[in-house]
Amino acid sequence: MDVRNNRRQAGGSSVVTANRLLDGRIVWLAEDGAWSGRIDAAQVFSNDGIEAVIDTATRRQQADGVVGVYGVQIGDDSTTPVPVTVRERIRAFGPTVHPEFATLTEGPPDVR
Amino acid sequence: MSAEILATPDTGAAPVGHYAYDQVDRAFLHDRVEQFRDQVARRLSGALSEDEFKPLRLMNGLYLQLHAYMLRVAIPYGILDSRQMRELAHIARTYDRDYGHFTTRQNIQFNWIRLEDTPDILARLAAVDMHAIQTSGNCIRNITCDQFAGAAVDELLDPRVHAEILRQWSTLHPEFSFLPRKFKIAISGSPNDRVAARFHDIGLVAKPGRHGTVFDVFVGGGMGRTPVVGVHLRDNLPEEDLLAYLEAMVRVYNEYGRRDNIYKARIKILVQALSAEGYREKVDAEFAAMDRARYRLPPETVAAIRARFGTPVLDAPSDAADRLAEARRTDALFDRWVRTNTHPHRAAGYISAVVSLKPDGGIPGDATSAQIDAIADIADRFSFGEIRISHMQNIVLGHVRQDQLHALWQELGRAGLASANIGLIGDIIACPGLDYCSLANARSIPIAQKLSARFANPALQERIGDLQIKISGCINACGHHHAGHIGILGVDKKGEEFFQLTLGGSAGNDAAIGQILGPALPEDATVDAIAHLVDAYLVHRTDGERFLDTYRRLGAALFKDAVYALA
């Protein structure tokens, strides 16, 4: 995975993401170990331990039907996980040019 | 090139404007679809890992982008027929989110494709003689062509038959399927470059010679991280040597091109490293040593391929031009559209119409399935069922009777396709950008939409005149920003979007690379900056001067002040 998708700062928090194999749609690793299409269902991990989580999820990706597992740093100031980069906010909430494709009906109105 | 072409009889009327497939072509496509169906099944079962499957799906035009799989479908030399167009509409409606995106390579992309649907989609495409082969990977990609080929009044020679010959030569070419990097060829038959020949790995300009068709050859142009205007390699390449010489050119690249650094792997870097003369010497040596008889392109083969193209019967009534003039006198909106959205035709009573895919505030190059169907219907009614995609992300109907142009325009209006902005500030090229593309650093489309909305007034657009804005969401330059009169490049600064302006680029005969104006700006400031640039141009231009001319005459300082002095 591109290094820019793995920007994480010590002491921060991240969620784990991938694309679903069957349709390519973006998914997030949820509390129960399942993959959800909604970032607000994602489990939040401390950056200190996330590499191990990513390793485990990567080993399971064929069985889980996902591809391209990596971690996404999120901001600290929201109850719903919000990625810190615009790229990952677009992945999380949908293309900004098609609001009707938003992945969360109550997601942030502007990815910036 | 398959010898079977010569042995296969026609089974029906050939489509106007493009080559009619034969049984060999169709059998091959069928086998290829079934091969991919098996590969997908093995991927889903886990028999193939993602690393093993990725090159296989890319060979079939299937990318994994930001939100979903994206399927890029080839439209050879940008020309398709209404039957094929309707199939694209069906795919958009059935397998995607009801729209498609026409690209700067004259192809179409679908952004929301499911992997498990892809074999069925490819089978549907194959049923109308289409595919997605070589729309990805380090091979020779879709051959692009003048959108007014075979119609333009300024054309010296219709280049589409030779584009088809190059398509056949390059398709699954065993020696050129794993080049150091992707390879793009454009061909034109007009002295006025509308294909950006000087910005391609190989650019060809066909023209009549003393003893038949000849080609001027450009090499080593390109955009991307290292923009280069191609060098003129040779004049008057005889038609019979076209394939041999291109074979030699690509062989030299294949042998000496760098494979150790993806950013230095394009042929432009090799031509710079060897110098134009050094590259030419190696090509000439290869050309001299090769079995020329094997690669000779005989006139009989050219004629056989030409025979598989349908030819329009151009028989407009003698008063067609008068009737168009009358319609223009009585309908001011139509008159404005004709001024901006048509191109002179070689045949009396005919004209080429450009359908803008750049509505006010819209997404450049996008069309809904209903619009794609409408264009197919309109092409059937007005232009022999022939449809062309331009590298400017618009649609061209090549052969329209002048007395029918007003009716065509009314039909376009009903489909929401009558924007009168071709060549103007609203006719923006934009790549998909960060809204879709996994390589992008910044979004391209929202800036295009904001600019399009800001300059929506058609009278203002006409007053500003010829001004090409081109937007890329990353340095790969799919939006051709280097060649924009005003170029916009999205950059990533610590995870946030900024936009760098370049001025002075051109893709035409006066090909030039735009120069960076100053520090990158946030999105809204970028839109304001463009408005300041336009204001400065309107104040300082002389009569008839394009934005590009004013920039070249006065230099960057004036425009730099217009953007940054108030900051």
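Residues numbered from 1 in each chain as written. Chains lettered and ligands numbered in written order. Predicted model: local features only at pLDDT ≥ 70, side-chain atom pairs only at ≥ 80, totals over all residues. Heavy atoms only, no water.

- Labelled according to an unreviewed UniProt entry, chain B appears under the name Nitrite/sulfite reductase, originating from Gluconacetobacter azotocaptans.

- Per an unreviewed UniProt entry, chain A goes by the name DUF2849 domain-containing protein and belongs to Gluconacetobacter azotocaptans.

1. Points about the overall build of chain B
Thinking step 1. Across its full length, chain B carries 20 helices and 20 strands.
Thinking step 2. Computed over C-alpha atoms, the radius of gyration of chain B comes to 23 Å, within 12% of the 24 Å expected from 2.2 N^0.38 for 567 residues, which places it in the range of a compact globule.
Thinking step 3. Overall size of chain B, expressed as C-alpha extent along the three principal axes, is 65 × 60 × 55 Å.
Thinking step 4. Counting across all 567 residues of chain B, residues that qualify as buried make up 63%.
Thinking step 5. Accessible surface for chain B amounts to roughly 20500 Å². Of this, 52% is attributable to carbon and sulfur atoms. (Helix = DSSP H or I, 4+ residues; strand = E, 2+ residues; numbered from the N terminus. Rg over C-alpha atoms; globule rule 2.2 N^0.38 Å. Buried < 20%, exposed > 50% of the residue type's maximum accessible area, 1.4 Å probe, protein only. Areas by Shrake-Rupley, 256 points an atom, 1.4 Å probe, with all protein chains shown as cover.)

2. Quick look at the sheet that holds strand E8 (residues 202-209) of chain B
All names here are of chain B.
Thinking step 1. A sheet is described by the order of its strands in space; here 5 strands give the open sequence E6-E7-E8-E9-E10, paired in mixed fashion. This sheet does not close on itself; its edge strands, each paired only once, are strand E6 (144-145) and strand E10 (231-238).
Thinking step 2. Against the sheet, helix H9 (residues 276-289) engages strand E9 (212-219) and E10, with an angle of about 30° to E10. (Pairing = 2+ DSSP bridges. Contact = heavy atoms within 4.5 Å. Axes fitted to C-alpha atoms, helices over the stretch in contact; angles between N-to-C directions.)

3. Considering the pairing of strand E12 (residues 350-355) of chain B
All names here are of chain B.
Thinking step 1. Counting buried positions along E12 yields 6 of 6 residues, so the element is predominantly enclosed.
Thinking step 2. The side-chain alternation of E12 yields two buried faces, one formed by Tyr350, Ser352 and Val354 and the other by Ile351, Ala353 and Val355.
Thinking step 3. If you look at the hairpin formed by strand E11 (residues 342-344) and E12, you'll find 5 residues sitting between the two strands, and Gly349 has a positive phi there, around 85°.
Thinking step 4. Here E12 runs beside strand E15 (residues 395-401); their pairing, made up of 5 bridges, is antiparallel. Note on E15: the bridge partner recorded for Val355 is Ile395.

4. Some details on the domain arrangement of chain B
Interface extent is often summarised as the accessible area lost during association of the parts.
All names here are of chain B.
Thinking step 1. We note that the domain assignment places domain 1 (14-127), domain 2 (144-306), domain 3 (320-414) and domain 4 (429-564) within chain B.
Thinking step 2. On a C-alpha basis, the centres of domain 1 and domain 4 stand 33 Å from each other.
Thinking step 3. Between domain 1 and domain 4, the residue contacts involve 10 residues of the former and 10 residues of the latter.
Thinking step 4. Carbon and sulfur atoms make up 55% of the area that domain 1 and domain 4 hide from each other, which totals about 750 Å².
Thinking step 5. When the area that domain 1 buries against domain 4 is broken down by residue, the three leading residues are Gln65, Leu66 and Thr104, summing to 57%.
Thinking step 6. Applying the counting criterion to the domain 1 and domain 4 interface returns 0 salt bridges. (Domains from an automatic or database assignment. Buried area = accessible area lost by both parts, 1.4 Å probe. Salt bridge = Lys/Arg side-chain N within 4 Å of Asp/Glu carboxyl O.)

5. Section: the interface of chain A and chain B
Thinking step 1. Each partner contributes to the interface: chain A provides 27 residues, whereas chain B provides 38 residues.
Thinking step 2. One can count 2 salt bridges joining chain A with chain B.
Thinking step 3. Along the contact surface separating chain A from chain B lie 11 residue pairs in polar contact (both at pLDDT 80 or more).
Thinking step 4. Those elements giving two or more residues to the side of chain A that touches chain B turn out to be strand E1 (13-20) and helix H3 (86-93) of chain A.
Thinking step 5. Broken down by element, the side of chain A that touches chain B gets its largest block of residues, 5 residues, from H3 of chain A.
Thinking step 6. Looking at the side of chain A that touches chain B residue by residue, the classes come out as 11 nonpolar, 7 polar and 9 charged. (Polar contact = N/O pair within 3.5 Å; in protein donor to acceptor, adjacent residues only side chain to side chain. Nonpolar A, V, L, I, M, F, W, Y, C, P; charged D, E, K, R; others polar.)

6. Overview of the environment of Pro299 of chain B
Thinking step 1. Structurally, the position occupied by Pro299 of chain B is in helix H11 (residues 299-306).
Thinking step 2. Sequence separation of Pro299 of chain B and Ala456 of chain B is 157 residues, and the distance between their C-alpha atoms is 50 Å.

7. Concerning the packing of helix H6 (residues 160-170) of chain B against helix H7 (residues 242-256) of chain B
All names here are of chain B.
Thinking step 1. Relative to each other, H6 and H7 sit at 50°, their axes nearing to 11 Å. When the axis of H6 is compared with that of H7, the two are oblique. Note on packing geometry: the crossing formed by H6 with H7 is right-handed. Here H6 contributes His162, Ile165, Leu166 and Trp169 to the contact with H7, which in turn contributes Leu242, Leu243, Leu246, Glu247 and Val250.
Thinking step 2. Residue composition of the contact of H6 with H7, by class: 7 nonpolar, 1 polar and 1 charged. (Parallel < 35°, antiparallel > 145°, perpendicular 65-115°, else oblique. Left-handed = near helix turned anticlockwise from the far one by under 90°.)

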